[in-house]
Amino acid sequence: MIVPVLLSGGSGTRLWPLSRKSYPKQFARLTGEGTLFQASVTRLTGPAFAPPIIVTGSDFRFIVTEQLADAGIDPGAILIEPEARNTAPAVLAAALWLEKTQPGALMLVAPSDHVIADADAFCRAVEAGIPAAREGRLVTLGITPDRPETGYGYLELDGQPGNGPVPLRRFVEKPDLDTARAMLDAGTYLWNAGIFLFRADAIVAAFREHAPALIDPVTQAVERARPDLGFLRLDVDTWKEAEDISIDFAVMEKAANLSVVPFPGGWSDLGGWDAVWREMDRDGTGTAVSGHATAIDCTDTLLRSEDSRLELVGIGLTDVIAVAMPDAVLVAHASRAQDVKNAVTALKGKAAKQATAFPVDHRPWGWFESLVISDRFQVKRIVVHPGAALSLQSHHHRSEHWIVVRGTARVTVNDDVALLTENQSIYIPLGAVHRMENPGKVDMVLIEVQTGPYLGEDDIVRYEDIYAR
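Residues numbered from 1 in each chain as written. Predicted model: local features only at pLDDT ≥ 70, side-chain atom pairs only at ≥ 80, totals over all residues. Heavy atoms only, no water.

Looking up the protein chain in an unreviewed UniProt entry gives the name mannose-1-phosphate guanylyltransferase, with the organism given as Oceaniovalibus guishaninsula JLT2003. Its UniProt record gives the protein chain the following Sequence similarities (unreviewed entry) comment, quoted word for word: "Belongs to the mannose-6-phosphate isomerase type 2 family." (UniProt positions renumbered as here; feature names shortened; annotations may be inferred.)

Below, the structure is given as structure tokens:
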């Protein structure tokens, strides 16, 4: 069986404001009912695949488990990176873990934020690469291009593409438009999708040959990893010694035993809002809208509102991208889609929290959003999943008033425990030790009103926490 390894630690800044550091694009619903992460893991589920290994960051660990549970998928292991170090250390860590737990396993490494329209065709392409991978070759999937794209790297084949693996001649960096057109006409170039199939021991051997400096720190990080609530935390001290480098630069561009399996099916890395526009349903004028957006006399335009309370209307627009969130709005010419990351840099420069923080804050017990923020008070909507509980905590600077609007809450305030149902409320005095739990079978929703001179999320003293924070 093939062991899928899903890389789920990226930040996706080119899809700001929907994708942000605290909640990147792989966990968002961009093109379908589920998220990109859920679509990716579902695509790699079935008789041919073992339970997936997920490599992600600490901030995303509970988002990963929640979305896996929603998709009905039980993972094989979830490796937690202490910090992002690019794809090479992540792939090596997964390979070393597989060598320990499933010697000789084939591993399929894939990003978790891509769109692949035909999952069956994708699985057939993976199957075509199995014989070469079992022989010890490093196999990559190359996407048959349908346009002269300047936003992707390319793979030059050593011959015309067929139905099976073709030797790779070289990697080609993102080209200019004229070069991309020439490569499209040549027919021997494919887009580099960053999807790989190989034996775990084969890729470890490739790292030893081409990137030996990574072997020791990543090996130590895996050997010293510790279990934590169903996750496997890689060792912090040794992990930070690993070079921040992609697997292409570290290994693939140096290895001589690479083969490419062409994949002609629909694919996109959703690397910008122009790519999202291409994947959305468009009308006869080339305009795509979300459910909370309206286009009037627009052409080749993308209008998305991600909040039901905010209606976005475009009139007479051509080649425009407009994306509205509750706390930020992007308006850009379609030709500048790749420059959205510059907006994130500019916002960071002015210390705007919208640069990295998502308006909905996801936690292991559920999520919350701030509805009103002022100098000395804040109003939040808090959603707690069935069976979940916030930590037992107190605050130095604020008191709180809780009003249950859905479900049932078990509330602890000092030595008192009470059950609150819809339309009931309770006051949490400054300094009181308190906890909120959901003993029911549906999400519990409450409105929290905070008052005090300081309302920051770091004003928390935790005494007990089932999530070991």
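Caption draft 1: Layout of the overall build of the protein chain. Counting its secondary structure elements, the protein chain contains eleven helices and 30 strands. By the compact-globule yardstick of 23 Å for 469 residues, the protein chain fits well, its C-alpha radius of gyration being 24 Å. Projected onto the principal axes, the alpha-carbon positions of the protein chain cover approximately 75 × 60 × 40 Å. Per-residue burial for the protein chain yields a buried fraction of 52% across its 469 residues. Once local pairs closer than 6 in sequence are excluded, the contacts in the protein chain between residues at least 24 apart make up 68%. In the structure as shown, the protein chain presents an accessible area of about 20700 Å², 50% of it carried by carbon and sulfur atoms. (Helix = DSSP H or I, 4+ residues; strand = E, 2+ residues; numbered from the N terminus. Rg over C-alpha atoms; globule rule 2.2 N^0.38 Å. Buried < 20%, exposed > 50% of the residue type's maximum accessible area, 1.4 Å probe, protein only. Contact = heavy atoms within 4.5 Å. Areas by Shrake-Rupley, 256 points an atom, 1.4 Å probe, with all protein chains shown as cover.)

Caption draft 2: Focus on the side chain of Glu400. Tracing the sequence through the fold places Glu400 in strand E24 (residues 399–406). Among the polar contacts listed, one links the side chain of Glu400 to the side chain of His395, at a separation of 3.1 Å. One polar contact links Glu400 to His434, side chain to side chain, over a distance of 3.5 Å. Apart from residues no more than four positions distant in its own chain, Glu400 is found in contact with His395, Ile426, Tyr427, Ile428, His434, Glu448, Val449 and Gln450. (Polar contact = N/O pair within 3.5 Å; in protein donor to acceptor, adjacent residues only side chain to side chain.)

Caption draft 3: Spotlight on the pattern of salt bridges. Enumeration according to the criterion identifies 23 salt bridges in this entry. Lys380 is paired through a salt bridge with Glu457; the nearest N and O atoms lie 2.4 Å apart. Of this pair, Lys380 sits in strand E22 (residues 377–384) while Glu457 sits in the loop between strand E29 (444–451) and strand E30 (461–464), and the two are 77 residues apart along the sequence. Residue classification places Glu457 among the partly exposed residues on the basis of a relative accessible area of 31%. (Salt bridge = Lys/Arg side-chain N within 4 Å of Asp/Glu carboxyl O.)

Caption draft 4: Representation of the pairing of strand E12 (residues 258–263). Of all six residues making up E12, six are buried, and the element is well covered by its neighbours. Where strand E6 (residues 138–143) meets E12, six bridges bridge the pair, whose relative direction is parallel. By the bridge assignment for E12, Leu141 is matched with Val261. (Pairing = 2+ DSSP bridges.)

Caption draft 5: View of the environment of Arg363. With respect to the element layout, Arg363 can be found in strand E20 (residues 360–363). Residues Arg363 and Asp297 lie 66 residues apart in sequence; the distance between their C-alpha atoms is 42 Å. What Arg363 contacts, discounting residues up to four positions off in sequence, is Phe368, Glu457, Arg462 and Arg469.

Caption draft 6: Region of the structure containing the UniProt feature "domain: MannoseP isomerase/GMP-like beta-helix" (unreviewed entry) in the protein chain. In the numbering used here, UniProt assigns the feature "domain: MannoseP isomerase/GMP-like beta-helix" (unreviewed entry) to residues 294–347. Between the C-alpha atoms that bound residues 294–347 there is a distance of 28 Å. The span itself is 15% helix and 39% strand.

Caption draft 7: Spatial organisation of the side chain of His385. Here His385 shows up in the loop between E22 and strand E23 (392–394). Of note is the side chain of His385, whose polar atom sits 3.0 Å from the side chain of Asp443. Setting aside its immediate chain neighbours within four residues, His385 contacts Glu66, Trp365, Gly366, Asn438 and Asp443.

Caption draft 8: Quick look at the UniProt feature "domain: Mannose-6-phosphate isomerase type II C-terminal" (unreviewed entry) in the protein chain. Mapped onto this structure's residue numbering, the UniProt feature "domain: Mannose-6-phosphate isomerase type II C-terminal" (unreviewed entry) falls at residues 361–465. Between the end C-alpha atoms of residues 361–465 there is a gap of 18 Å, over a span that is 0% helix and 57% strand.

Caption draft 9: Layout of a nonpolar patch on the surface. Together, Ile296, Val313 and Ile315 make up a nonpolar patch on the protein surface, roughly 280 Å² of accessible area in all. Assignment of secondary structure puts Val313 in strand E17 (residues 312–315). Using a relative accessible area of 48% as the deciding quantity, one classes Val313 as partly exposed. (Patch = residues over 30% accessible without salt bridge, like charges linked within 9 Å, V, L, I, M, F, W, Y side chains within 5 Å.)

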